[in-house]
Amino acid sequence: MSKTRDTDNQSFNKFIYMKTRALAIILSGLLFQSCQDSKPADYRPEFHFSPEKNWVNDPNGLIYLDGEYHIFTQYNPYGDKWGHMSWGHAVSTDLVSWTDLPVALTEFPNPDGSSSMFFSGCAVVDSLNTSGFFREGYKGGLVAIYTIHIDRDGKGAGQSQGLAYSEDKGRTWKVYEGNPVLDIGIADFRDPSVIWYPERNVWIMTVALPKEYKVQFYESANLKDWALTGEFGNKGDVSKIWECPSLSQVKTEGTDETRWVLIISSGHKYERYVGMQYFVGDFDGRTFVSQDQEGVLHLDEGKDFYAAIPFYNLPPDSKSPIIMGWANNWAYANDIPTEGYRGQYSLARALTLYQEDGIFKIRQTPVLPESIPTEKVTLKDGEELTSSLSRQNDNVYRIQLTAELGSSKGFELELLKHGPHKTVISYDPAEQKLTFDRSNSGKTGFHENFPGGAHMTLAPENGIVKLDVIVDKSVIELYANDGKAVMTQLAFPLSGTTAYKINWR
Ligand code: FRU
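Note that the structure is predicted; figures quoted are calculated from it, not measured.

Scoring rules and cut-offs
Residues numbered from 1 in each chain as written. Predicted model: local features only at pLDDT ≥ 70, side-chain atom pairs only at ≥ 80, totals over all residues. Heavy atoms only, no water. Salt bridge = Lys/Arg side-chain N within 4 Å of Asp/Glu carboxyl O. Helix = DSSP H or I, 4+ residues; strand = E, 2+ residues; numbered from the N terminus. Near = heavy atom within 4 Å. Polar contact = N/O pair within 3.5 Å; in protein donor to acceptor, adjacent residues only side chain to side chain. Areas by Shrake-Rupley, 256 points an atom, 1.4 Å probe, with all protein chains shown as cover. Nonpolar A, V, L, I, M, F, W, Y, C, P; charged D, E, K, R; others polar. Pairing = 2+ DSSP bridges. Axes fitted to C-alpha atoms, helices over the stretch in contact; angles between N-to-C directions. Phe/Tyr/Trp six-rings, centres within 6.5 Å; stacked < 30°, edge-to-face > 60°. Buried < 20%, exposed > 50% of the residue type's maximum accessible area, 1.4 Å probe, protein only. Lys NZ or Arg CZ within 6 Å of the ring centre and 35° of its normal. Disulfide = S-S within 2.5 Å. Contact = heavy atoms within 4.5 Å. Lys, Arg positive; Asp, Glu negative; His and termini not counted. 1 Å grid on protein atoms, 1.4 Å probe; cavity = no way out; pocket = protein on both sides within 12 Å on 5 of 7 lines; lining within 4 Å. Points joined across faces, edges and corners; volume = space filled by probe spheres on them.

Visitor: Break down the pattern of salt bridges for me, with residues and values.
Guide: Under the criterion given, the structure shown has 29 salt bridges. Close ionic contact of D66 with K169 constitutes a salt bridge, the shortest N to O distance being 3.1 Å. On the criterion of sequence distance, the pair formed by D66 in the loop between β1 (54-65) and β2 (68-76) and K169 in the loop between β8 (155-166) and β9 (174-175) is long-range, its members being 103 residues apart. Counted as one network, the salt bridges with shared partners bring together D188, R190, K211 and E243.

Visitor: Explain the site of the ligand to me, and be specific about the residues and the numbers.
Guide: Taken together, N57, D58, Q74, W82, M85, F119, S120, R190, D191, E243, Y306 and W330 make up all the residues around the ligand. Between the ligand and E243 there is a distance of 2.8 Å, counted from an oxygen atom to a side-chain nitrogen or oxygen. Within the side chain of W330, one N or O atom sits 3.0 Å away from an oxygen atom of the ligand. In isolation the ligand exposes 320 Å². Once the protein is present, 95% of that is buried. Elements supplying a minimum of two residues to the shell around the ligand: β1, β6 (115-125) and β10 (190-197). Of the residues assigned to the shell around the ligand, the class counts are 5 nonpolar, 3 polar and 4 charged.

Visitor: Account for the sheet that holds strand β22 (residues 359-366), with residues named and values stated.
Guide: Spatial strand order, β18-β19-β21-β22: 4 strands in an open sheet with antiparallel pairing. Taken across any chain shown, the strands that pair with only one partner, and hence form the sheet edges, are β18 (306-310) and β22. The sheet shows a mean angle of 40 degrees between the axes of neighbouring strands, taken without regard to direction. Across 8 bridges, the pairing between strand β21 (residues 349-356) and β22 is antiparallel. Residue pairing in the sheet places Q355 in a bridge with F360 of β22.

Visitor: Go over the packing of aromatic side chains, please, and point to the residues and values.
Guide: Applying the stated criterion to the full structure yields 37 aromatic pairs. Here W87 and Y146 contribute two aromatic rings whose centre-to-centre distance is 6.3 Å and whose plane-to-plane angle is 70 degrees, an arrangement assigned as edge-to-face. Taken together, the residues span a long stretch of sequence, with W87 in strand β3 (residues 86-92) and Y146 in strand β7 (residues 142-152) at a distance of 59 residues. Accessibility classification places W87 together with Y146 in one group, the buried group. With 4.7 Å between their ring centres and 40 degrees between their planes, F118 and Y146 make a pair best called tilted. Placement of the pair is F118 in strand β6 and Y146 in strand β7, with a sequence separation of 28 residues. Residue class for F118 comes out buried when judged on its relative accessible area of 1%. Through a chain of ring-to-ring contacts, the aromatic side chains of Y43, Y270, Y273, Y332, F446, F450 and F492 assemble into a single cluster. For R349, the ring lying beneath its charged end belongs to F305, and the centroid distance is 4.0 Å. Above the face of the F450 ring, R438 is positioned so that its terminal group lies 3.8 Å from the ring centre.

Visitor: Could you give an account of the state of the cysteines, naming the residues involved and the relevant values?
Guide: Per the stated rule, a full pass over the model turns up 0 disulfides. Of all cysteine sulfurs in the structure, the one in C244 sits closest to C122, which takes part in no disulfide; the separation is 11 Å. Looking at C122, the relative accessible area reads 3%, which means it is buried.

Visitor: Got a sec to walk through the environment of T99? Specific residues and values, please.
Guide: By secondary structure assignment, the location of T99 is in strand β4 (residues 99-105). In this structure T99 comes out as partly exposed when scored by relative accessible area, which is 47%. In the structure, T99 is positioned 253 residues away from T352 in sequence and 28 Å away in space, judged by C-alpha atoms. With residues near it in sequence (within four places) discarded, T99 still touches H89, A90 and V91.

Visitor: Can you explain the pairing of strand β31 (residues 485-490)? Please cite residues and give values.
Guide: The buried fraction of β31 amounts to 6 of the 6 residues, a majority that puts the element mostly inside the structure. Examined bridge by bridge, strand β30 (residues 475-480) and β31 share 6 bridges and lie antiparallel to one another. In the sheet register, L478 faces β31, and the bridge partner there is M487. Between β30 and β31, which follow one another and run antiparallel, lie 4 residues, and N481 among them has a positive phi close to 45 degrees.

Visitor: I'd like a description of the side chain of K303, backed by residues and values.
Guide: Turning to its location among the elements, K303 is positioned in the loop between β17 (288-290) and β18. Although K303 lies buried, it forms no salt bridge, and the closest oppositely charged side chain, D304, sits 8.2 Å away as judged by the N-O distance. Look past the residues within four positions of K303 in its chain and what remains in contact with it is H268, Y270, Y273, N328, N329, Y332, R438, G452, G453, T488 and Q489.

Visitor: Quick rundown of the layout of surface pockets? Include the residues and the values.
Guide: For the largest pocket, the calculated volume is near 880 Å³. Forming the walls of the largest pocket are 34 residues, and the residues nearest its centre are I195, W196, Y312, N313 and L314. Put simply, the parts of the chain that give the lining of the largest pocket at least two residues each are β6, β10, β14 (243-251) and β15 (258-267). Counting residues per element, the lining of the largest pocket draws most heavily on β14, at 5 residues.

Visitor: Pulling in residues and values, what's your account of the environment of Y397?
Guide: Within the secondary structure, Y397 is located in strand β24 (residues 396-404). Remark: the alpha-carbon pair of Y397 and V469, spanning 72 residues in sequence, is separated by 8.3 Å.

Visitor: How would you summarise the sheet that holds strand β5 (residues 108-109) if you had to cite specific residues and measurements?
Guide: The strand order across the open sheet formed by 5 strands is β5-β6-β7-β8-β9, and the pairing between neighbours is antiparallel. The open sheet terminates on both sides in strands that have one partner only, identified here as β5 and β9. Bridging between β7 and β8 involves 10 bridges; their strand directions are antiparallel. Counted as the bridge partner of Y146 is G162 from β8.

Rendered as structure tokens:
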């Protein structure tokens with residue numbers, strides 16, 4: 001190649017560089033401009049469940065039946081704060097878009113002036129009609145097993161377990177006149193989760209004694225008469241009461257084996273907040289024994305994931321249990337700044353087990369439609385990467401980031417950027433620490449417990465950190481290293497259209 005050609009090329013490259021720079025400056029100006037006149041904030045997520053109106057907390061009675069997934073909700077039919085607990089209802093065919101249905105089970109008054117609330121629980125398909133509730137030959141009968149919470153003048157006056165049943169796929173319910181079916185005479189005794197144990201043809205109930213940091217196991221042949229078979233507790237996190245336990249069989253990756261997993265809602269590594277932990281082990285049909293584990297295994301290290309339970313009766317081709325949780329935290333749940341409704345659920349997540357240092361741990365894989373705008377980015381150390389990524393997206397998108405760390409000091413992913421506000425996810429390789437900072441994320445002042453950050457330990461794998469970041473208006477789910485560590489956090493940006501940006505530190 002001649003010298004002149006090289007010089008020509010150089011000046012041509014310079015010309016293009018100047019043009020591109022000028023264009024970039026104009027574009028970022030436009031972007032800034034458009035951020036200034038962007039849409040007002042809208043916090044209702046698009047592919048996370050939220051109720052049409054009013055308050056929800058825990059998901060209840062998650063079940064699949066004849067082509068429909070059902071969510072029942074801890075629901076207040078009369079307002080957008082916790083109270084009058086009843087079971088709301090919604091259905092979906094894909095676990096992503098949900099249709100609200102009329103309230104399934106409504107709080108009712110008792111003759112003595114108290115009221116019976118419907119606290120958390122599960123639903124099972126009683127295909128063998130073990131309960132005798134259904135007409136002969138009908139295989140689709142649903143039985144809800146829930147906690148009867150007696151409320152007297154706004155105060156709890158006893159908890160026991162009760163049944164309700166439905167012969168029309170959960171649209172209408174009858175409360176069993178023989179309730180309660182399990183009452184041990186203590187004030188806090190709740191959140192039954194019932195599975196069929198085919199080896200002995202019995203139903204097994206796992207239920208919490210919240211203040212004793214333990215769960216109990218009961219068995220029954222007919223869902224009505226229950227006998228205690230075992231207990232498990234006082235292990236792992238006992239910093240807060242234990243609630244919403246569930247027992248599932250989870251596949252160990254790369255094998256045909258399954259192990260039993262006990263999931264519990266309890267404390268968080270952060271004082272004042274609730275969170276979720278799990279134990280992997282063995283269940284012999286009567287009681288649960290955990291593997292030896294050091295410390296606490298957290299299901300989600302963010303502040304907005306609680307009361308998750310599995311879907312029952314999944315279609316035969318689904319290989320993994322699927323769970324869903326409440327994306328909120330009791331530390332501020334009643335005050336989050338949404339309008340007309342309050343509370344939303346996490347994505348559905350498939351569970352598998354992998355082994356690390358001889359311990360079995362849960363991997364979570366989100367269930368998501370292909371249609372969500374997705375950007376796959378690879379960050380290489382040393383590359384000057386200021387953002388060409390910012391764009392308008394109505395705050396609904398997914399970034400699949402592979403960061404090749406090399407010798408870098410880490411990176412920052414700035415999300416939901418609007419004016420001076422942003423939510424920052426940063427990674428520090430020296431400390432192997434991922435931090436989610438929402439202290440300047442927009443609306444943060446509605447509760448003093450909200451702004452504080454969350455972090456988790458995250459070791460690179462072969463020099464790489466992978467983040468799958470799912471942004472859905474006000475819910476952000478972060479799956480790190482292919483779902484080995486997960487963080488769910490709410491953030492309330494001041495605008496409906498924001499930008500994002502990735503920088504090396
Ligand atoms: C968990 C929980 C459950 C209870 C329900 C009441 O968030 O406290 O233990 O059944 O909420 O709404």
